[in-house]
Amino acid sequence: MRQEAEDVARATANKQPQESLLTGAAQYRQLSDEDRPVVNELLAEQLSSPEEDVRFLALALIEDFEIVSALPALRRLANWLETQQWPGAPYEWAKVNRIIGRMADPSEQRG
């Protein structure tokens, strides 16, 4: 799992978001039931990263796999984004709030 995590980090560092998203999703699907809570916690922690690319990947995986345990971290991120002045902050804030809304409202759940 360490090598797979390094592959995802390398793709993100190389600014290859599509590759890192595909790699991250494939790796997440292969996780055992014992490993998922640990990875879920790491993804939630990545939401506090100052790097937008790191947050992008974490948000995508949290949304795709409906990682409800990340809700507190998503709410903290939304609160932080409200105070930010950089151009992409309102768009990321809207995305985070859409994810929160889907997870918080059972009628919005996919599947």
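First, a word on what this report is: a plain description of the structure on this page.

Calculation criteria
Residues numbered from 1 in each chain as written. Predicted model: local features only at pLDDT ≥ 70, side-chain atom pairs only at ≥ 80, totals over all residues. Heavy atoms only, no water. Helix = DSSP H or I, 4+ residues; strand = E, 2+ residues; numbered from the N terminus. Buried < 20%, exposed > 50% of the residue type's maximum accessible area, 1.4 Å probe, protein only. Contact = heavy atoms within 4.5 Å. Axes fitted to C-alpha atoms, helices over the stretch in contact; angles between N-to-C directions. Parallel < 35°, antiparallel > 145°, perpendicular 65-115°, else oblique. Left-handed = near helix turned anticlockwise from the far one by under 90°. Nonpolar A, V, L, I, M, F, W, Y, C, P; charged D, E, K, R; others polar. Expected span 1.5 Å × (residues − 1). Arc of directions from axis to C-beta. Phe/Tyr/Trp six-rings, centres within 6.5 Å; stacked < 30°, edge-to-face > 60°. Polar contact = N/O pair within 3.5 Å; in protein donor to acceptor, adjacent residues only side chain to side chain.

### With respect to the side chain of asparagine 40
Topologically, asparagine 40 is positioned in helix 3 (residues 36–46). Owing to a relative accessible area of 13%, asparagine 40 belongs among the buried residues under this scheme. Asparagine 40 has contacts with Tyr28, Ile67 and Ser69, leaving out every residue within four places of it along the chain.

### What about the packing of helix 5 (residues 71–82) against helix 6 (residues 89–104)?
Packing of helix 5 against helix 6 leaves a shortest axis separation of 9 Å and a crossing angle of 150 degrees. Relative to helix 6, helix 5 is oriented roughly antiparallel. The element helix 5 and its partner helix 6 pack so that their crossing is left-handed. Between helix 5 and helix 6, the contacting residues are Leu71, Leu74, Arg75, Leu77, Ala78, Leu81 and Glu82 on the first element and Ala89, Glu92, Trp93, Val96, Asn97, Ile99, Ile100, Met103 and Ala104 on the second. In terms of residue class, the contact of helix 5 with helix 6 is built from 12 nonpolar, 1 polar and 3 charged.

### Examining helix 6
For helix 6, with 16 residues, the first-to-last C-alpha span of 22 Å sits near the 22 Å given by 1.5 Å per residue. Those residues of helix 6 that fall on the buried side of the exposure criterion are Ala89, Glu92, Val96, Ile99, Ile100 and Met103. Seen along its axis, helix 6 keeps its buried residues to an arc of 100 degrees; they face one direction. Where helix 6 is buried, its residues touch helix 4 (52–64) and helix 5.

### Some points on the packing of aromatic side chains
With the rule as written, the count across this model stands at 1 aromatic pair. An angle of 40 degrees between the planes, with centres 4.4 Å apart, marks the rings of tyrosine 28 and phenylalanine 65 as tilted. Of the two residues, tyrosine 28 is situated in helix 2 (residues 17–29) and phenylalanine 65 in the loop between helix 4 and helix 5; the sequence distance between them amounts to 37 residues. Exposure remark for tyrosine 28: the relative accessible area of 5% places this residue in the buried category.

### Topic: helix 4
Given 3.6 residues per helical turn, the α-helix brings residues three or four places apart onto the same face. Here helix 4 is 13 residues long and its end C-alpha atoms lie 18 Å apart, about the 18 Å a rise of 1.5 Å per residue gives. What helix 4 keeps buried is the set Arg55, Leu57, Ala58, Leu59, Ala60, Leu61 and Ile62. After helix 4 finishes, the residue glutamate 66 shows a positive phi value of roughly 45 degrees.

### Concerning the side chain of glutamate 92
Within the secondary structure, glutamate 92 is located in helix 6. On the basis of relative accessible area, glutamate 92 is assigned to the buried category, the value being 8%. A distance of 2.7 Å separates polar atoms of two side chains, one belonging to glutamate 92 and the other to arginine 55. The contact partners of glutamate 92, leaving out residues within four places of it in the chain, are Glu52, Arg55, Leu59, Leu77, Leu81 and Trp86.

### Remarks on unusual backbone geometry
Positive phi values are uncommon outside glycine, yet glutamate 66 reaches one of about 45 degrees. Tracing the backbone shows glutamate 66 in the loop between helix 4 and helix 5.

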